Amino acid sequence: KKPAATSDHMHESDEVLGQFVRPDFDTHSFVRVSVRKNTVSEDLAHLRQGIAVLETQLREQVVSHHARLIDQVTHAKELESMVTKVTDGVSKLKSSLVRVKSSIKDPYLQLQRKTLELDRLQSASEMIRRGLRVREASDKLREGVKMGGGRD
């Protein structure tokens, strides 16, 4: 009879604990129902028993898979080390890219400024040449007027 009672009790406990694994479990609703039904003490006892069962199962799993868990932890540490190395490499690569960008961009900007400066100098030179041609033409015209004025 005792195994049947234990089995029934475990089945009851599974139903109580089963609520907690459902995706739609709501803590507040569970507490409200427990208080309303006045089964708080019973529910706490079921929860304690369920926690004890889960702890036992967890210990059994850890003991039975100890070597594999240790391997996985070691592998995780190796992966973490690799991720750190890759992160450092990416950081160095970014730094290198900033330097390369600077070594390309700075001369480009300087060339752009010098090109603009040359364009402005050429425009100014062209204006000065035109001004000189106008002055030469004006001087020739004056000279021509003087010579033409003397013939009258």
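Residues numbered from 1 in each chain as written. Predicted model: local features only at pLDDT ≥ 70, side-chain atom pairs only at ≥ 80, totals over all residues. Heavy atoms only, no water.

**Remarks on the overall build of the protein**
Next, step 1: A count of helical and extended segments in the protein gives four helices and zero strands.
Next, step 2: Mapped from its N terminus to its C terminus, the protein presents α and β elements in the order α-α-α-α.
Next, step 3: The burial tally for the protein puts 7% of its 152 residues in the buried class.
Next, step 4: Within the structure as shown, the protein displays about 13,600 Å² of accessible surface, and the carbon and sulfur contribution to it stands at 60%. (Helix = DSSP H or I, 4+ residues; strand = E, 2+ residues; numbered from the N terminus. Buried < 20%, exposed > 50% of the residue type's maximum accessible area, 1.4 Å probe, protein only. Areas by Shrake-Rupley, 256 points an atom, 1.4 Å probe, with all protein chains shown as cover.)

**Some thoughts on the pattern of salt bridges**
Next, step 1: Evaluation of the coordinates by the stated rule reveals three salt bridges.
Next, step 2: The closest approach of N and O atoms between Arg130 and Glu126, which form a salt bridge, is 3.4 Å. Of this pair, Arg130 and Glu126 both sit in helix α4 (residues 66-151), four residues apart, which is roughly one turn of that helix.
Next, step 3: Overlapping salt bridges, with partners in common, bring together Glu126, Arg129 and Arg130 in one network. (Salt bridge = Lys/Arg side-chain N within 4 Å of Asp/Glu carboxyl O.)

**Digging into the packing of helix α2 (residues 27-36) against helix α3 (residues 40-64)**
The relative placement of two packed helices is expressed as an angle between their axes plus a distance between the axes.
Next, step 1: As a packed pair, α2 and α3 sit with axes 8 Å apart at the nearest point and diverge in direction by 130°. Between α2 and α3, the angle is such that the two are oblique. Between α2 and α3, the contacting residues are Phe30, Ser34 and Val35 on the first element and Val40, Asp43 and Leu47 on the second.
Next, step 2: Counted by class, the contact of α2 with α3 contains four nonpolar, one polar and one charged residues. (Axes fitted to C-alpha atoms, helices over the stretch in contact; angles between N-to-C directions. Parallel < 35°, antiparallel > 145°, perpendicular 65-115°, else oblique. Contact = heavy atoms within 4.5 Å. Nonpolar A, V, L, I, M, F, W, Y, C, P; charged D, E, K, R; others polar.)

**A word on the confidence of the model for the protein**
Detailed reading of the predicted coordinates is not advisable wherever pLDDT is low.
Next, step 1: Predicted confidence across the protein gives a mean pLDDT of 84, with 87% of residues reaching 70 or more.
Next, step 2: For the protein, per-element mean pLDDT is lowest for helix α1 (residues 2-21), which scores 55, and highest for α4, which scores 92. (pLDDT = per-residue confidence, 0-100.)

**Here we look at a nonpolar patch on the surface**
Next, step 1: On the surface, Val31, Val35, Val40 and Leu44 cluster together into a nonpolar patch covering about 300 Å² of accessible area.
Next, step 2: Mapped onto the nonpolar patch, the elements with two or more residues apiece are α2 and α3.
Next, step 3: Its location among the elements puts Leu44 in helix α3.
Next, step 4: The partly exposed category is assigned to Leu44, whose relative accessible area is 38%. (Patch = residues over 30% accessible without salt bridge, like charges linked within 9 Å, V, L, I, M, F, W, Y side chains within 5 Å.)

**Structural notes on the environment of Arg129**
Next, step 1: With respect to the secondary-structure elements, Arg129 resides in helix α4.
Next, step 2: The class for Arg129 is partly exposed, based on a relative accessible area of 43%.
Next, step 3: There is a polar contact of 3.1 Å between the side chain of Arg129 and the side chain of Glu126. (Polar contact = N/O pair within 3.5 Å; in protein donor to acceptor, adjacent residues only side chain to side chain.)

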